[in-house]
Amino acid sequence: MAYITDYEYYQNSGTIPTDANWGSYQFLSLADIVNNFMLMYQGNHELINNIDRYQILFHAKRGIQELNYDAMKEIKILQLDITNQLRFVLPPDYVNWVRISQFRDGTLYPLSENIQTNWSSAYLQDNDSNVLFDQNGKALRPQDSELDLNQMSATAKSIYLNSSSPYNNSEGWCVDGNWYFDYAVGARFGLNTETANSNPTFTINKQSGVINFSNILGSSSVVLEYVSDGMAGGIDSEIHLNKLFEEYIYAYVKYSILNTRVGITEYVVNRARKDKSSLLRNAKIRLSNIHPGRLLMNMRGQNKWIK
Amino acid sequence: MPINDVRNTVLAIANKNNYGYISPADFNLYAKQAQLDMFEDYFYQYNNQLVKENLRQSGTGYADISKGLAEVIDTFYVNIPLLNSATTQVGDIQTNLYTLPSNYYLINKMMVYTKELAAGITTSTNGGAVAVNDTTVDFIAAGVQVGDIASTITNGVVYNTVVSSVVSATSLLVFSTSGATVWSSVGKTYNIYSANYIVEAERVAQSKITMLNNSVLTKPNIGYPAYTQNALVAEAYPITINNIGQFTSQYVRYPNPPRWTYAQLLGGEPLFDATQADYQDFELPLSDEPILIAKICQYIGVEIREQAVYDFAKAAIAEDNQ
């Protein structure tokens, strides 16, 4: 990010959107990273020479992607209404989720993941359970499996927890906030902690790119907190990196190149690797914002009575 | 380096002991050959010096040999906009094909203007050959500023002129171009680019360009453009780089062939005349005169079959290379 005037910063020089430059100083653009690297780290008298710019670009982007996955804490948040199939379509830049919450009546209710699957593919079968095929030999598939239909209709059972109710610990259906139960006949099984929650649960179907919910109120929406890879939808001019990681990204690119080049002595590669690793640690510590003021606030909590 | 001085010295050496006579035509041939030989040698010398520097065998300051070599090479540096095929061919020809200059020795880099501010056709010549007038656009609203680039084609050559003044919303003034009258007629197609938005296009090998274009992370775009070279044509990527003057080349050209010229004979000898149209001095620095003379003498020694001349020149070159 180039140096800009206060007017450019606060008002974007009067151009809409006027908030385009807010907070921009904390970031370094991809163009700056590539340019600085080509200028400072490659040349006739440097460790790296005769390198193509696209190789620098590739490694710089890969470094930014890696940082976005776990080090940078650049959480993206998206609120959407779920579809009538109780599904939330993953955003286009989704890589992994951090937290999923239900937004209902002005409050965020964090939801828990149900690792029991609630979706499946299926084949059409005849009465003898033989799989049916088309003329090309491909198995015929229904649009939705029974498991899918079960999930979409919110007819999956869950455990009802309410110690003051005679139905406590019973399996039932939660539909639009009301619970329905079978007659209490037959065996009981242990509590399923994944579904023993008055809030809906979710399962992520990565292949289909959706989050499936057990049930959810029609009037509520879902808030997804997730991490992306920082590639800004492929728009290079919008890719940026926190300045705390600047030295690290140069070290990362340098190491990535030296590590794959012919004729580089091992100690040089090792030096670059250690350089990269230590700079990553430094950057993480810096980003964690540990400073006396914060520690003091935390330490003051030691005298708090836990009831 | 004055060509007459060189010729006089060469003739003095060649005529010593009446070895022989060199005609102006032969001298010009040998002069061209020797100059090319030395010119190409600069690049190898430069590389050798860099190797020495990395081995700590070369110093700085007055001992910085590579600096001197770079300065000589830079005297042949040229920066020109390239003509793309749309201006020379009609039909559905790819317009991202730019014709390379015919006199280049080494293309150092290609630059791309990435932000076009305005484009159109001039509507008048008010203000003369340095005025760009178009009543159909608003240069001020488009953000045209002093220093921006106004491109057009005149007599089949692309000119990138620099805006010197924004006179009004429909009129600009540009700096004049030496040796050419660029904006003298109505109806000239032009493009105006922001001088602040210029990036380097990277040369990509033919063996890599297909994979590069298919790469998600590194596919060429307007921020990181690329080009390949097909014979004397540069193909720009992405293909949206196709406007007049948008693609410029910064290259090292070949030195012009030296020409010792004369108009008349005096006492049977051609009389030197520097006013002839094809007169051309050597373009190498004066410091290279001894070695240049030695190289010419080598060729002359072969022509007049004088081993002594050849040996003298060979020894002089060997000494210089030490």
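Values in this document were obtained by computation on a predicted structure and should not be read as measured data.

With that settled, the discussion passes to the interface of chain B and chain A. Counting residues at the interface gives 15 residues for chain B, matched by 15 residues for chain A. For the pairing of chain B and chain A, the buried interface totals around 1300 Å² over both sides, and the portion due to carbon and sulfur atoms is 54%. For chain B, the biggest contributors to the area lost against chain A are Glu202(B), Leu217(B) and Tyr224(B); these three give 54% of the whole. Inspection of the chain B/chain A interface yields zero salt bridges. Broken down by secondary-structure element, the contributors of at least two residues to the side of chain B that touches chain A are α2 (24-54), β11 (198-203) and α4 (206-213) of chain B. At four residues, α2(B) tops the list of elements feeding residues into the side of chain B that touches chain A. Looking at the side of chain B that touches chain A residue by residue, the classes come out as eight nonpolar, three polar and four charged.

Among the nonpolar cores identified, the biggest contains 35 residues, and Leu30(A), Ile33(A), Ile64(A), Leu67(A), Leu241(A) and Phe245(A) are the most heavily contacted of them. Those elements that place two or more of their residues in this core are α2 (30-40), α3 (53-70), α5 (246-260) and α6 (266-287) of chain A. With nine residues, α5(A) is the single largest residue contributor to this core. If near-sequence neighbours (up to four positions away) are discounted, Leu30(A) is found in contact with Leu57(A), Ala60(A), Lys61(A), Ile64(A), Asp236(A), Ile239(A) and Tyr224(B). Within the second largest apolar cluster, 33 residues are counted, among which are Ala31(B), Val252(B), Ile293(B) and Ile300(B).

Averaged over all residues, the pLDDT of chain B is 89; the fraction at 70 or higher stands at 93%. As scored by the predictor, the complex reaches a pTM of 0.83 and an ipTM of 0.85.

Going from Ile16(A) to Pro17(A), the amide bond is cis rather than trans, its omega being 5°. Within the secondary structure, Pro17(A) sits in the loop between α1 (6-11) and β1 (27-29). Backbone torsion omega between Tyr237(B) and Pro238(B) reads 0°, so that peptide bond is classified as cis. Within the secondary structure, Pro238(B) sits in the loop between β13 (233-237) and β14 (247-253). Positioned with a positive phi, Asn12(A) is a non-glycine residue whose angle comes to about 50°. If you trace the backbone, Asn12(A) turns up in the loop between α1 and β1. Relative accessible area serves as the criterion here: at 18%, Asn12(A) is assigned to the buried category. Even without a glycine there, the phi angle at Ala231(B) is positive, about 55°.

Once that is clear, we can look at the sheet that holds strand β7 (residues 158-160) of chain A. Residue and element names in this part refer to chain A. Across the sheet, which stays open at both edges, the three strands sit in the order β7-β8-β9 with antiparallel pairing between neighbours. With partners counted over all chains shown, the strands left at the sheet margins are β7 and β9 (178-181), one partner each. If you compare each strand with its neighbour and ignore which way they point, the axes differ by 60° on average. Across three bridges, the pairing between β7 and strand β8 (residues 170-175) is antiparallel. Its bridge partner lying in β8, Ser158 is registered against Gly172.

This part covers empty space enclosed by the protein. Taken as a whole and assessed by the stated rule, the structure comprises one cavity of 30 Å³ or more. Of the volumes computed, that of the largest cavity is approximately 50 Å³. Contributing to the lining of the largest cavity are Arg53(A), Tyr54(A), Leu57(A), Glu202(B), Leu212(B), Thr218(B), Pro220(B), Tyr224(B), Pro225(B) and Ala226(B). With three residues, α3(A) is the largest single contributor of residues to the lining of the largest cavity. The residue makeup of the lining of the largest cavity, split by class, is seven nonpolar, one polar and two charged.

Residues and elements named next belong to chain B. Within the secondary structure, Val182 sits in the loop between β9 (171-174) and β10 (189-193). Taking the C-alpha atoms as reference, Val182 lies 9.5 Å from Asn160; in sequence the two are 22 residues apart. When neighbours within four sequence positions are excluded, Val182 is seen to be in contact with Ala129, Thr152, Thr154, Tyr159, Thr161, Thr177 and Lys188.

We describe a pair of aromatic rings using the distance from one ring centre to the other and the angle between the two ring planes. Tallying each qualifying case throughout the model produces 22 aromatic pairs over all chains. Considering the side-chain rings of Phe39(B) and Phe76(B), the 5.0 Å spacing of their centres and the 75° angle between planes classify their relative orientation as edge-to-face. Separated by 37 residues along the polypeptide, Phe39(B) in helix α2 and Phe76(B) in the loop between α3 (65-74) and β1 (77-81) bring together distant segments of the chain. Phe76(B) shares its class with Phe39(B); the two are buried. Taken together through their ring pairs, the aromatic side chains of Phe39(B), Phe43(B), Phe76(B), Tyr105(B) and Tyr254(B) make up a single cluster. Positioned over the ring face of Tyr25(A) is Lys243(A), at 3.4 Å from the centre of the ring.

Cut-offs used in this document
- Each chain has its residues counted from 1, running along the sequence as written.
- Following the order in which they are written, the chains are lettered starting with A and the ligands numbered starting with 1.
- Local features in this predicted model are restricted to residues of pLDDT 70 or higher, and side-chain atom pairs are both shown and tallied only at a pLDDT of 80 or more, whereas totals for entire chains, interfaces and linings draw on every residue.
- As a convention, hydrogens and water are excluded, and side-chain values are obtained from all of the structure's heavy atoms.
- Should any heavy atoms of two residues lie within 4.5 Å, those residues are considered in contact.
- Once two parts are brought into contact, the accessible area they lose, counted with a 1.4 Å probe and summed over both, makes up the buried area.
- Basic side-chain nitrogens of Lys or Arg form a salt bridge, by our definition, when they fall within 4 Å of a carboxyl oxygen of Asp or Glu.
- Strands are runs of DSSP state E lasting at least two residues, helices are runs of H or I lasting at least four, and both sets are numbered from the N terminus onward.
- For this classification, Asp, Glu, Lys and Arg are treated as charged, while Ala, Val, Leu, Ile, Met, Phe, Trp, Tyr, Cys and Pro are nonpolar and the rest, including Gly, are polar.
- What is meant by a nonpolar core is a set of buried Ala, Val, Leu, Ile, Met, Phe, Trp, Tyr and Cys residues, joined one to another through side-chain atoms within 4.5 Å.
- Only protein chains enter the accessibility calculation, which uses a 1.4 Å probe. A residue is then buried if its area is under 20% of the maximum for its type, exposed if over 50%, and partly exposed in between.
- The predictor attaches a confidence to each residue, and that confidence, scored 0 to 100, is pLDDT.
- One bridge is not enough; two strands pair if DSSP finds at least two bridges between them.
- Here the axes come from fitting lines to C-alpha atoms, over the contacting stretch only for helices, and the angles between their N-to-C directions go from 0 to 180 degrees.
- Of the two site types, the cavity is a set of points on a 1 Å grid over the protein atoms alone where a 1.4 Å probe fits but cannot get out, and the pocket is an open set with protein on both sides within 12 Å along at least five of seven lines, each lined by residues with an atom within 4 Å of a point.
- Grid points are joined across faces, edges and corners, and a volume is the space filled by probe spheres set on the points.
- Paired rings are identified among Phe, Tyr and Trp, the last through its six-membered ring, by centres lying within 6.5 Å, and are further divided according to the angle between planes into stacked (under 30 degrees), edge-to-face (over 60) and tilted (the rest).
- Geometrically, a lysine NZ or arginine CZ counts as sitting over a ring once it is within 6 Å of the ring centre and also within 35 degrees of the ring normal.

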